[in-house]
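These are the residues of each chain, in order.
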Amino acid sequence: MNATAWLLAIAQALLYVALAPLLVGWVRKVKARLQNRRGPPLLQAYRDLYKLFGKETRVAHTASPLFRAAPYVVFIATWLAAMAIPLLAVDLPTAAIADIIVVVGLLALARFFLALAGMDVGTAFGGMGASREMLIAALAEPAMLMAVFTLAMTAHSTNLSSVVDAHLAAGLVLRPSYLFALGALLLVALAETGRIPVDNPATHLELTMVHEAMILEYSGRHLALMEWAAQIKLLLYGVLIVNVFLPWGIARELLPADLGLGFAAVVVKLLLLGAVLAVGETVLAKMRLFRVPAFLNLALLLALLGLLGHVILEVGA
Amino acid sequence: MSRLDWLSEYLARLIDEHVVVRSGDAQGLAPAHRLVLDSEDWGAAARVAAAFGCRWAGVWGDVEAGDSEGTQLTLRAALERDGGFVVLETEVPVTFPVLASHTNHFPAADRMERHLRDLLGVGFHDHPDARRWVRHQAWQENEFPLRHYVAASGHPPLRTRADSDYPFLRIQGNGVYEIPVGPVHAGIIEPGHFRFQAMGEEVLRLEERLGYTHKGIEKIAVGRDPAALARLAARVSGDSTVAHAWAACQAMERATHCQVPPRALFLRALMAERERVANHLGDIGAICNDVGFAFAHMQCGRLRELWQRSSHALFGHRFMMDALIPGGVARDLPADAPARLRAEHAALRREIAPVFAVVDDHPSLDDRLIGTGCLSAADARLLGCTGYVGKASGQAFDLRHDSPYAPYDRLHVDVPVQQEGDVAARVRVRMEEVRISLLLMDRLLDLLPSGPIAATLPQPAGGTTGLGLVEGWRGEILAFVRFGADGRIARYFPRDPSWFTWPALERLIHGNIVPDFPVCNKSVNGSYSGHDL
């Protein structure tokens, strides 16, 4: 049984890597349809990665070893963070060794290396991107921690598996604290994954970039890893939102039927979330950079309200 | 000459300042009035004009050259007020071509005078900026390409030095840093270098370094016949191909007193308005895209594409390049074209209504565009900005309305004016101009005369000059032409409105944040090619 669980944990980790480009492809496709375009094929993101892996990797003369190491660190840290978030089933062995604070920490590690790599080559754009990323991160991380603590207080655990379990065990209960936390996490996710209205993943304008500015000097497999890590991060946030707040369908027993249902449920939920993201990105323009702090302060405020809501309305009730 | 009512008062003020007007006439550079001055009075005449409220509209130089170079270098500068034009003219000896600068009275003159210094070797003794402007590293220090003795091919060295020692102005201070951008940009745009001095995200200063698309237009124009000049003018700036070709043709037609058939003039106007609509549509979409609002970009891109395909079907080219020839237009419309065009205008009017409504009133877009990149009315006036940049900052000048040339003299042209001067105002002016152009085109079709589409250009007499003034989609385009003794072009100078909107960009970005630069730049959209020549 233990071996099966470990196999499943590995399979889930691989699924994260395999599915991440598909979610990006889906969001792009829906966006294109909303703009009356046909858009690239659903699998284009895979082709792009394949293409980049086949290309020569050029590195600037001024780059230090850190520049070469960063893509691997970023990719692995993001991937490890993803493993801790239940995708198909709860109570997998990986869940037992990592909780939400570790997830936040791993993502911070990835960002740290990303920002260092952006500054490493010494171009103005990389430094600019790194400075903006840190501005956003400094505000997004507390909001995210606050939001997940709200969940943790209900479950009395910071382990995501336990949170999901507790949520399922309680049945369908309307918790105001959850709604506030969901709002906060949605805003944080937009900022952290570099989507409109915080950052524009489709732009070619170096002066407006945040995430893209940091990876501007990368090429070939380095760029592929960076892109892939960003896609995994998007999937990670997507799964975090759908599986923690709407966990129904996730497998609680490691049986094939349950796992199948869990997979189908998470795919449907992610497709819906992706479509919502695409609609949001279509109706909104990117906001002015100095509005981002206000945007993330709102996230922090929501998370705080969630926490208060939990203490006032739910504790002892 | 009602538009030049002010001329007598200007002359009186010149006399007050002891400026001697040697001669003057209204024919040589019609519709402008020519005033010949002594070279010592060059600066004083500009000072009086500035105090008198004139707009400075360009300066260009010219050396009379037959087999050998002449001894005098002629300088001409255009001034405008209330729709009337005056061209100041003076001569300086080629051996010592030094005179006063206009830059101290008209900041707009700065780069055009430096351009003149680089290309023709004219010295301005009180010019505030001694740095080269268009001069490339490939040019020898004392070689002036527009002089007679320099071959059109120049004398390029085997290996050109990198252009890395241009002395940009630097701001020193704690936390101030420099961002170099370009000349090679991401995306398909022309090359140009921008140097930002920024503090955090705030732009303290922007300095442009242009000249990367210098093609030697003025040099290779020399010796062409009129038809070849029209083709060259069509390539001064690809997106203004109709307007530049029209200005050049108009200059040549005025120089030779050619009577252009009315049908040709109407067809030219139809094409110029089509060019305006196509470019405004593309730019409105691009401005929205620069703030991450892809919906409007896609819709405007689609409409522009359909519009250009129809230009190809009815006028023979997507941009209508080479559709104008001296004396008329190259081809007539097909018989069913008026009906098709009317249907197309109606369809576009219907389609832009919802798109423009979104662009005009989308909260998320408003948040980015309103208050961004403000050009004050005073700056716009000082720099002589025309077109949508001027109109968005309270400058209601439009040649089609204020100094109408045929066929606009038979039409009423509305000029949309906004006072705010921000990116949103420039977008509103463009949207309004699209609507106005659609109405104008319907009106042009209503009045479209029948008859021939081209007249033969009379053989030009040696030494005759002509001035073309056409409202392109970016604003006022001025073209000067002088014919040589052999009836070929001896001098051609096209002045794109971008000469004045590029300096405006440097001013309007002041105090904005770095990530707002692309949208500010796009809202001004100066032509690199039309400016670098």
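Quick caveat: nothing in here was measured; it's all calculated off a predicted structure.

1. Digging into the overall build of chain B
Moving on, step 1. When its secondary structure is counted, chain B shows 17 helices and 15 strands.
Moving on, step 2. Taken over the C-alpha trace, chain B has a radius of gyration of 23 Å; the compact-globule value for 533 residues is 24 Å, and the two agree within 12%.
Moving on, step 3. For chain B, the C-alpha atoms occupy an extent of roughly 70 × 60 × 55 Å along the three principal directions.
Moving on, step 4. Counting every position in chain B, which comprises 533 residues, the buried fraction comes to 53%.

2. Remarks on the overall build of chain A
Moving on, step 1. Assigned secondary structure in chain A consists of 12 helices and 0 strands.
Moving on, step 2. Written out in order from the N terminus, the α and β elements of chain A read α-α-α-α-α-α-α-α-α-α-α-α.
Moving on, step 3. At 19 Å, chain A has a C-alpha radius of gyration in line with the 20 Å of a compact globule built from 317 residues.
Moving on, step 4. For the C-alpha atoms alone, the extent of chain A along its principal axes is close to 60 × 45 × 45 Å.

3. A closer look at the sheet that holds strand S15 (residues 489-495) of chain B
Residues and elements named next belong to chain B.
Moving on, step 1. An order of S13-S14-S15 is seen for the 3 strands of this open sheet, with the pairing classed as antiparallel. Only two strands of the sheet have a single partner each, and these edge strands are strand S13 (465-471) and S15. In this sheet, adjacent strand axes meet at a mean angle of 10° when their direction is disregarded.
Moving on, step 2. Sheet topology places strand S14 (residues 476-483) next to S15; 6 bridges connect them, and they run antiparallel. Bridge pairing links Arg 482 to Arg 491 in S15.

4. Considerations on the interface of chain A and chain B
Moving on, step 1. Between chain A and chain B, the residue contacts involve 21 residues of the former and 23 residues of the latter.
Moving on, step 2. Here the side of chain A that touches chain B is built from residues that sort into 10 nonpolar, 7 polar and 4 charged.

5. Let's talk about the domain arrangement of chain B
Residues and elements named next belong to chain B.
Moving on, step 1. What the domain assignment lists for chain B is domain 1 (2-124), domain 2 (181-209) and domain 3 (217-532).
Moving on, step 2. Taking the mean C-alpha position of each, domain 1 and domain 3 sit 27 Å from one another.
Moving on, step 3. Across the boundary between the two partners, domain 1 contributes 22 residues, which contact 20 residues of domain 3.
Moving on, step 4. Elements that contribute at least two residues to the side of domain 1 that touches domain 3 include exactly strand S3 (55-65), strand S4 (69-81) and helix H3 (109-120).
Moving on, step 5. Among the residues making up the side of domain 1 that touches domain 3, the classes are represented as 13 nonpolar, 4 polar and 5 charged.

6. Details of the environment of Leu 34 of chain A
Residues and elements named next belong to chain A.
Moving on, step 1. Looking at the secondary structure, you find Leu 34 in helix H1 (residues 2-34).
Moving on, step 2. Taking the C-alpha atoms as reference points, Leu 34 and Leu 304, 270 residues apart in sequence, are found 35 Å from one another.
Moving on, step 3. Residues contacting Leu 34, with those up to four places away along its chain left out, are Ala 278, Val 279 and Thr 282.

7. A closer look at the packing of H1 of chain A against helix H2 (residues 44-54) of chain A
Residues and elements named next belong to chain A.
Moving on, step 1. Interaxial distance between H1 and H2 falls to 7 Å at its minimum, and their mutual angle equals 125°. When the axis of H1 is compared with that of H2, the two are oblique. Here Pro 21, Val 24 and Gly 25 of H1 come into contact with H2, specifically with Gln 44, Ala 45, Tyr 46 and Leu 49.
Moving on, step 2. Residue composition of the contact of H1 with H2, by class: 5 nonpolar, 2 polar and no charged.

8. Thoughts on the sheet that holds strand S8 (residues 176-181) of chain B
Sheet strands pair via backbone hydrogen bonds, and the direction of the pair is either parallel or antiparallel.
All names here are of chain B.
Moving on, step 1. Spatial strand order, S8-S9-S10: 3 strands in an open sheet with antiparallel pairing. The sheet terminates laterally at S8 and strand S10 (202-209), the two strands that pair on one side only. Neighbour-to-neighbour, the strand axes of the sheet open up by a mean angle of 20°, direction not taken into account.

9. Topic: the environment of Ala 138 of chain A
Residue and element names in this part refer to chain A.
Moving on, step 1. Turning to its location among the elements, Ala 138 is positioned in helix H6 (residues 124-155).
Moving on, step 2. A residue is classified by how many C-beta atoms lie within 10 Å of it, and Ala 138, with 11 of them, is exposed.
Moving on, step 3. A C-alpha to C-alpha distance of 9.5 Å links Ala 138 and Pro 293, two positions 155 residues apart in sequence.

10. Comments concerning the pairing of S15 of chain B
Moving on, step 1. Across the 7 residues of S15 of chain B, 7 count as buried, placing the element largely inside the fold.
Moving on, step 2. Connecting S14 of chain B to the antiparallel partner S15 of chain B that follows it, the hairpin turn spans 5 residues, and Gly 487 of chain B within it adopts a positive phi of roughly 80°.

What counts as what
- Residues numbered from 1 in each chain as written.
- Chains lettered and ligands numbered in written order.
- Predicted model: local features only at pLDDT ≥ 70, side-chain atom pairs only at ≥ 80, totals over all residues.
- Helix = DSSP H or I, 4+ residues; strand = E, 2+ residues; numbered from the N terminus.
- Rg over C-alpha atoms; globule rule 2.2 N^0.38 Å.
- Buried ≥ 20, exposed ≤ 12 C-beta atoms within 10 Å, placed from the backbone.
- Pairing = 2+ DSSP bridges.
- Axes fitted to C-alpha atoms, helices over the stretch in contact; angles between N-to-C directions.
- Contact = placed C-beta atoms within 7 Å.
- Nonpolar A, V, L, I, M, F, W, Y, C, P; charged D, E, K, R; others polar.
- Domains from an automatic or database assignment.
- Parallel < 35°, antiparallel > 145°, perpendicular 65-115°, else oblique.

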